[in-house]
Structure formats: structure tokens, C-alpha cells
Amino acid sequence: MLRRAKTILGTNTFTALYDKGYHTGSEFKVANDIGVDTLVAVPGIGRASQAPDPAYNAEHFDYDPQRDSYRCPQGHGLTSNGNWYRARNYRFKQYRTKACRHCPVRSQCTSAKQNGKILQRSEFTGFIEQNARRVTEQPDIYKKRQALVEHPFGTIKRQWGFDHIITKKGIPAAGADFGLIALAYNLKRLMKLGWEAGRNIKQPICDLKMLLTNLKRLENAFLAHMSTFVKIQPLY
């Protein structure tokens, strides 16, 4: 998605705003690789990952990149054996310390009976932490996401009644289905902003010719799909 946005805009000097559904380490790495800053909402910690006392959750352990080790709130060092383990979509290391055996706050830090506290650090954790810092430092910018994104979906779903994809056969057909609605919204929005043919607004969204070309392409794709159900011939 970010690569496509960069291609369309022709630049990487923009900040991508996403909700917590897009909080994925691999996507943060992609953003870093192509030089795009992200502001993605940080999801809450699942109950299974929380310490009995939240003060001992993983985010309160300090990571030292030079030593590749953690230091817990009690001052004990957690180290890894250097091995990478594989989860479904990423690799990670495990960090632990023998100090857990006799730690006076062990019951507040972990419920593990044998191994004590174990931290996992994935290959993408550094990128995840960078995003979290940006969200903390720029809360006002992230709030713009709701104003920019939620309004179109509210209009399309609530006012226009388009709350589900009508076509059911394949991504291209579904894309044509939603594409027609998106183009209708964009055209209506342009008119609301006072856009007229041959007249530029402060930040032109796209050229009318391009809009009409895309509309015709999506119309043909939609009609071609619908012709499998009724006798409609696509317009070429």
C-alpha cells in the first residue's frame, strides 16, 4: 500500500496515518525502507501478555542495542542465547535472567512457575518502537486521520447505504464495485470544494480527464461482471 502511494504521489515526503488494524512490524520495515514516516495507532496489550502488575509489562524494560540485552525495573539484566526463533510471519529472540528465581517481586512480574520472565523481541521491534515514539510526540497529527478517513466512510456507509460489497466473485469485481462508489464520492467532494473544469483548486486532486478515464474503466469492468447474471453488454 505504501509503495503504491509513493508511486502515485511521486514522492516519499508524506506521513502515512493508519488505525491499529495496520499495526504490523513488516509494514513498518517497508515504510522505513522507502523513507516514509508512519503514525499508526498502538493497540493495547493482550491480557495474556500482561504482567500481574502492569508496572512490569515489557514496555517498562529498557533495551540496550549495543549489548543486545534488557534491564528490568529491578535492575537485573536479561540476555538472549543469540538464536533466532521463527513465528508464523517473523523471527524473534528470547531474553531471560536467572535473577528471577530469587527476585522479591517475581509474583508481580510474571506468573510463570519455572522459567521466570521471558521477553521476546522480533526483528521488527525497533521499527514498532519508532512508530510508538512518533505517535506520542505528534498526537495532533494522528487525530487528523479520523477527520480525513472516517468522514468518507461515514458518508458512503450511513448516508448512501453502501455498507457491503454487492459483487461476490473475485477481487477485480469487488474493486470495480467499490471503485464506482469512491469515484462518485471524489467527484461530489470536488464539486463541494468549488472545482470546475479548467480551474485548479489549491491542492488539485486529479485531472478531470483522468477521472473520466478511470470511471469508464471501472464502469466497463462492473458491467462485464454483471453481464454474467443479466444480458448487459460492456461499453468499449
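How each quantity is defined
- Position numbers for residues start from 1 in each chain and track the written sequence from start to end.
- Confidence filtering applies because this is a predicted model: local features only for residues at pLDDT of at least 70, side-chain atom pairs given and counted only at 80 or more, and all residues used for totals across whole chains, interfaces and linings.
- Each side-chain value is derived from all of the structure's non-hydrogen atoms; neither hydrogens nor water enter the calculation.
- Each helix is a run of DSSP H or I of at least 4 residues and each strand a run of E of at least 2, with the numbering of both proceeding from the N terminus.
- The rule is simple: take the accessible area with a 1.4 Å probe, protein chains only, and divide by the maximum for that residue type; under 20% is buried, over 50% is exposed, in between is partly exposed.
- Working rule for contacts: check all heavy atoms of both residues, and any pair within 4.5 Å makes them a contact.
- All accessible areas in this document rest on Shrake-Rupley with a 1.4 Å probe, and a residue is counted as covered only by the protein chains that are shown.
- In a helix, the anticipated span is given by 1.5 Å times the number of residues less one.
- Using protein atoms alone on a 1 Å grid, points that fit a 1.4 Å probe yet trap it form a cavity, whereas open point sets bounded by protein on both sides within 12 Å along at least five of seven lines form a pocket; residues with an atom within 4 Å of a point count as lining.
- Grid points are joined across faces, edges and corners, and a volume is the space filled by probe spheres set on the points.
- Under the scheme applied, nonpolar residues are Ala, Val, Leu, Ile, Met, Phe, Trp, Tyr, Cys and Pro; charged residues are Asp, Glu, Lys and Arg; polar residues are all the others, including Gly.
- By definition here, a salt bridge exists when the distance from a side-chain nitrogen of Lys or Arg to a carboxyl oxygen of Asp or Glu is within 4 Å.
- DSSP calls a pair of strands paired once it identifies at least 2 bridges connecting them.
- The pLDDT score gives, residue by residue, the confidence of the prediction method on a 0 to 100 scale.
- In this description, a line fitted to the C-alpha atoms serves as the axis of each element, helices being fitted only across the stretch in contact, and the angle between N-to-C directions of two axes falls anywhere from 0 to 180 degrees.
- Angular relationships are summarised with four words: roughly parallel below 35 degrees, roughly antiparallel beyond 145, roughly perpendicular across 65 to 115, and oblique for the angles in between.

What follows concerns the overall build of the protein chain. The helix and strand inventory of the protein chain stands at 7 helices and 8 strands. Relative to its 236 residues, the protein chain shows a buried fraction of 29%. Look at the contacts in the protein chain between residues 6 or more apart in sequence, and 49% of them connect residues 24 or more apart. Approximately 16600 Å² of the protein chain is accessible, and the part contributed by carbon and sulfur atoms is 53%.

Taking 1.5 Å per residue as the helical rise, helix 4 (residues 125–137) with its 13 residues ought to reach 18 Å, and the 18 Å between its terminal C-alpha atoms agrees with that figure. By the burial criterion, the buried members of helix 4 are Thr 125, Phe 127, Asn 131, Arg 134 and Val 135.

On to the layout of surface pockets, then. The computed volume of the second largest pocket comes to approximately 1500 Å³. Ile 45, Ser 49, Ala 58, Glu 59 and Gln 120 are, among the 41 residues lining the second largest pocket, the residues nearest its centre. Considering every element that reaches the lining of the second largest pocket, the biggest residue donor is helix 4, with 5 residues. For the lining of the second largest pocket, the class distribution of residues is 19 nonpolar, 17 polar and 5 charged.

Before going further, it helps to examine the pattern of salt bridges. Enumeration over the complete set of coordinates arrives at 4 salt bridges. Note that Arg 91 and Glu 123 form a salt bridge whose closest N and O atoms lie 3.8 Å from each other. Taken as a pair, Arg 91 in strand 7 (residues 91–96) and Glu 123 in the loop between strand 8 (118–122) and helix 4 lie far apart in primary sequence, 32 residues in all. When its relative accessible area of 31% is taken as the criterion, Glu 123 is described as partly exposed.

This part takes up empty space enclosed by the protein. The full count for this structure, using the stated rule, is 1 cavity of 30 Å³ or more. The wall of the largest cavity is formed by 15 residues, among which Cys 72, Cys 100, Cys 103, Cys 109 and Lys 117 lie closest to the centre. Partitioning the lining of the largest cavity into residue classes produces 9 nonpolar, 4 polar and 2 charged.

Here we take up the pairing of strand 7. When strand 6 (residues 85–86) meets strand 7, the two strands line up antiparallel, connected through 2 bridges. For Arg 86, the partnering residue across the bridge sits in strand 7 and is Arg 91. Where strand 7 and strand 8 come together, 5 bridges link them in antiparallel fashion. The partner of Arg 96 across the bridge, within strand 8, is Ile 118.

With that settled, consider the confidence of the model for the protein chain. Residue-level pLDDT values for the protein chain average 81, and 81% of them are 70 or greater. Considering each helix and strand of the protein chain separately, the mean pLDDT is smallest for helix 7 (residues 208–226), with a value of 61, and largest for strand 4 (residues 69–71), with 96. Counting contacts from residues 229–236, a segment whose pLDDT is below 50, to residues more than four positions away or on other chains yields 12 contacts.

Quick look at the packing of helix 2 (residues 25–33) against helix 4 now. Running from N to C, helix 2 and helix 4 point in directions that differ by 80°, and their axes come no closer than 8 Å. Relative to helix 4, the element helix 2 lies roughly perpendicular. Seen from helix 2, the contacting residues are Gly 25, Phe 28, Lys 29 and Asn 32; seen from helix 4, they are Phe 127, Ile 128, Gln 130 and Asn 131. Here the contact of helix 2 with helix 4 is composed, by residue class, of 3 nonpolar, 4 polar and 1 charged.

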